[in-house]
Amino acid sequence: MMHRLLRCARLVLLLAAAPLMASAQTAPRPLVWGDTLPATLDPHAIFDVPSQFILLNVYDGLYRYQGNPPRLEPWLAESHTVSADGLTWEFTLRAGAKFHDGSEITAEDVVYSFRRLLAMRRAPAAAFTPVLTAEAVTAVNPRTVRFVLSRPYAPFLSALPLVAVVNPRVLSQHVAGDDWGSAWLAANSAGSGAYRVNATNYQPRVSLDLERFPEHFSGFAGNPRPIEAVRVRPVLETSTRVLALLRGEIDATDSYLPADQVERVDRNPGTRVARDESMRVFVIRMNNQRPPFDNHDVRLCLAHAFNYEGFNNVVLRGFVARNAGPNPNNLWGNPENLAPYAFDLARARTHCDRARAAGVDLSRPLEIHVQNELQQTTQAAQLFQSDLRRIGINLRIVPNTWPNITSATARAETTPDMWIHWVSTYFVDPENWIGQMYDSQFHGTWKASSWYSNPRVDTLLRAARESLSQEERQRLYAEATALVVADSPDIWVYNTVNLRGLSRRVSGYSFSPVGSGGEVRLMSLEN
């Protein structure tokens, strides 16, 4: 099976490279991006790291994060105002920004985009549905859009970059029933971003071709040699992906480069590793509604049974920083002196024995699901399995994929015992991490897949969401974080240093935690 997968991956690369070589004499060689593709190209239907590549390159929003630390900058909007009670927000659109079909972007297009997002109620809508209705988004005039929130929502501006503005004139031609054109947009585009999709060559999760949109409103300022064409060719297996980079078959890996591959990529004269401090927390989730994870002592046992030092500093060779709770260390909202759980098998054994004495059955094998395409998740599970065996816990590792696991987390009954993933920076506010991970109103989303419930934490997080005082929000998030960490619903391991393998012919690569450095508009290529 593995050999067949490797052959398939190799074939995809060869197919990708063939037309590149044939046209090498007549056109600049495209950028070949080896990172994962999202399950759909519809920017309102999915909410994960691969979808950010589409959001940043094919679409625009009212605001966008740039740089590291991430700065929130006006994008399709040139300015905004907010009422004193925090309920009414008005955004003035920049003049002259156009969609790929040449039509000008208006306030009505922004209204349509938000109404579509709210009607579809898919993952990116979660940040807005508690406070925003479709009727509350209106066009004041062709360049002014107004949002009236049902109650104050402090992260509103921070979360705006999640929402792509789509072209209703294109989508209206492809609506089927009440689907808002989502079936068509899954394999096409209706945006205004710096690149547009060549839908004729698109194969879901296999290949995507992008072409530069020269009329993009930014004018590619500061980049005199923008990249004209992009071929996205995901390579599923880590070592094959790295080998493809070393051979020059791709120009960029994913941003989860394993530590044992870093030196290999750096030693190669044609490649390098981009290292950037990020805000991406590695977490082992536990299904708190399923025995034995519904027992506090069991969760504490498991929290003390993971070898953080061994994983972070030996397996990952110190390219990460220990993270004590759900929020990244370099974000506000954490309590002072928050102590992380320590690897201590004696304490782990004590908690497990206490759970057994209370009648908890720990005899069945526990399952942990890992992501096939991301080697680190398997490495962490194998280390965990080894140490749990020493205290009499049988851990079974289940290979799986991101789409399968996240689909399963829609219900507690189908959510795995445990699974491993990262929580990346979709917007820069504690709401992106603790707010959406541990407020029970988000149950049924992959972010809240530990199915944790604590009424006091719900109250604190909801108050923090509505407070217009930064000082108050800091206090509320700090108290909520302390409670969550004490309850130990998950195992928080580290905050990431983003590691992406790059060809040395790529210049202008600029990392931001939002999008993981995937904004092609800023890059150039040496042929």
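Above this text sits the structure in question.
Here the residue index of a chain counts from 1 through its sequence in written order. In keeping with the predicted nature of the model, local features appear solely for residues at pLDDT of at least 70, side-chain atom pairs appear and are counted solely at 80 or more, and the whole-chain, interface and lining totals rest on all residues. To obtain the side-chain values, all non-hydrogen atoms of the structure were used and water was disregarded.

A. Fine view of the pairing of strand 5 (residues 88–93). Throughout, exposure labels follow a simple rule: accessible area from a 1.4 Å probe, protein chains only, divided by the maximum for the residue type, with under 20% read as buried, over 50% as exposed, and the rest as partly exposed. For helices the rule is a DSSP run of H or I covering at least 4 residues; for strands it is a run of E covering at least 2, with both sets numbered from the N terminus onward. Burial along strand 5 is one-sided: the residues Trp89, Phe91 and Leu93 are buried and none of Thr88, Glu90 and Thr92 is. Of the strand pairs in this sheet, strand 4 (residues 77–82) and strand 5 are connected by 5 bridges, and their pairing is antiparallel. Along strand 5, the bridge assignment pairs alanine 77 with leucine 93. Connecting strand 4 to the next strand, strand 5, in antiparallel fashion are 5 residues, including glycine 86 with a positive phi near 75°. Judged from the 5 bridges that link them, strand 5 and strand 7 (residues 144–148) form a sheet pairing that is antiparallel. Directly across from threonine 92, in strand 7, lies its bridge partner threonine 144. Think of it this way: DSSP has to see at least two bridges between two strands before they count as a pair.

B. Structural detail: the packing of aromatic side chains. Pairing of aromatic side chains requires ring centres within 6.5 Å, counting the rings of Phe and Tyr and the six-membered ring of Trp. Pairs whose planes differ by under 30 degrees are stacked, by over 60 edge-to-face, and all others tilted. By the definition in use, this model includes 27 aromatic pairs. A ring pair is formed by phenylalanine 306 and tyrosine 308, whose centres lie 5.3 Å apart and whose planes are at 65°; its orientation type is edge-to-face. Taken as a pair, phenylalanine 306 and tyrosine 308 share a single burial class, namely buried. Centre to centre, the rings of tryptophan 402 and tryptophan 419 are 5.9 Å apart; their planes meet at 50°, and the pair counts as tilted. With tryptophan 402 in helix 13 (residues 402–408) and tryptophan 419 in strand 15 (residues 418–423), the pair connects residues that are 17 residues apart, well separated along the chain. Under the relative-accessibility criterion, tryptophan 402 is labelled buried at 14%. Here tryptophan 419 falls in the buried class, since its relative accessible area comes to 0%.

C. Summary view of the nonpolar core. Leu62, Phe91, Phe128, Leu132, Phe147, Phe384 and Met418 are the most contacted members of the largest nonpolar core, which has 117 residues in total. For this core, the element with the highest residue contribution is strand 11 (residues 271–286), accounting for 7 residues. Any pair of residues with heavy atoms lying within 4.5 Å of one another is described as a contacting pair. Sequence-distant contacts of phenylalanine 91, defined by excluding residues within four places in its chain, comprise Leu62, Tyr63, Ala77, Ser79, His80, Arg143, Thr144, Val145, Phe147, Phe156, Leu157 and Leu160. Take the buried residues of types Ala, Val, Leu, Ile, Met, Phe, Trp, Tyr and Cys, join any two whose side-chain atoms come within 4.5 Å, and each joined set is a nonpolar core. In this structure, Ala164, Val170, Val230 and Val232 belong to the second largest nonpolar core, which totals 35 residues.

D. Representation of the state of the cysteines within the structure. In what follows, a disulfide is any cysteine sulfur pair within 2.5 Å. Within the structure shown, the criterion is met by 1 disulfide. A sulfur-sulfur distance of 2.1 Å marks the disulfide that ties cysteine 301 to cysteine 352. Between cysteine 301 and cysteine 352, the disulfide has an S-S torsion of -85° and is therefore left-handed. Here cysteine 301, found in helix 9 (residues 296–304), pairs with cysteine 352, found in helix 11 (residues 345–357); they are 51 residues apart in sequence, far enough to count as distant.

E. Highlighting the sheet that holds strand 15. Judged by pairing direction, the sheet is mixed, and its 6 strands sit side by side in the order 12-16-11-15-13-14 without closing on themselves. Where the open sheet ends on each side, the last strands, each with one partner, are strand 12 (320–322) and strand 14 (395–400). Strand-to-strand twist across the sheet, computed as the mean angle between neighbouring axes with direction ignored, equals 30°. Of the strand pairs in this sheet, strand 11 and strand 15 are connected by 6 bridges, and their pairing is antiparallel. Bridging across to strand 15, isoleucine 284 finds its partner in isoleucine 420. For helices, the fitted line uses only the C-alpha atoms of the stretch in contact; every axis is such a line through C-alpha atoms, and the angle between N-to-C directions lies from 0 to 180 degrees.

F. View of the environment of isoleucine 227. Residue placement: isoleucine 227 occurs in the loop between strand 9 (208–212) and strand 10 (229–232). By relative accessible area, which is 3% here, isoleucine 227 ends up buried. Remark: the alpha-carbon pair of isoleucine 227 and tyrosine 452, spanning 225 residues in sequence, is separated by 45 Å. Those residues in contact with isoleucine 227, other than ones at most four positions away along the chain, are Leu31, Tyr195, Arg212, Val520, Met523, Ser524 and Leu525.

G. How the structure looks around the environment of arginine 29. Of note, arginine 29 is situated in the loop between helix 1 (2–22) and strand 1 (31–33). Residue arginine 29 is classed as partly exposed on the basis of its relative accessible area of 31%. Taking the C-alpha atoms as reference points, arginine 29 and isoleucine 227, 198 residues apart in sequence, are found 9.0 Å from one another. Not counting the four nearest positions on each side in its chain, arginine 29 is found in contact with Gly248, Arg505, Leu525 and Asn527.

H. Representation of the pattern of salt bridges in the model. One side-chain nitrogen of Lys or Arg within 4 Å of one carboxyl oxygen of Asp or Glu is enough to make a salt bridge. Evaluated as defined, the whole model comprises 35 salt bridges. The closest approach of N and O atoms between arginine 116 and aspartate 42, which form a salt bridge, is 2.8 Å. In this pair, arginine 116 is assigned in helix 3 (residues 107–120) and aspartate 42 in the loop between strand 1 and helix 2 (49–58), connecting sequence segments 74 residues apart. Judged by relative accessible area, which is 0%, arginine 116 ranks as buried. Overall, aspartate 42 belongs to the buried group, its relative accessible area being 0%. Two residues, glutamate 431 and arginine 465, come together in a salt bridge whose shortest N-O distance is 2.8 Å. Of the two residues, glutamate 431 is situated in the loop between strand 15 and helix 14 (434–438) and arginine 465 in helix 15 (residues 455–466); the sequence distance between them amounts to 34 residues. Accessibility assignment for this pair places glutamate 431 and arginine 465 in one class, buried.

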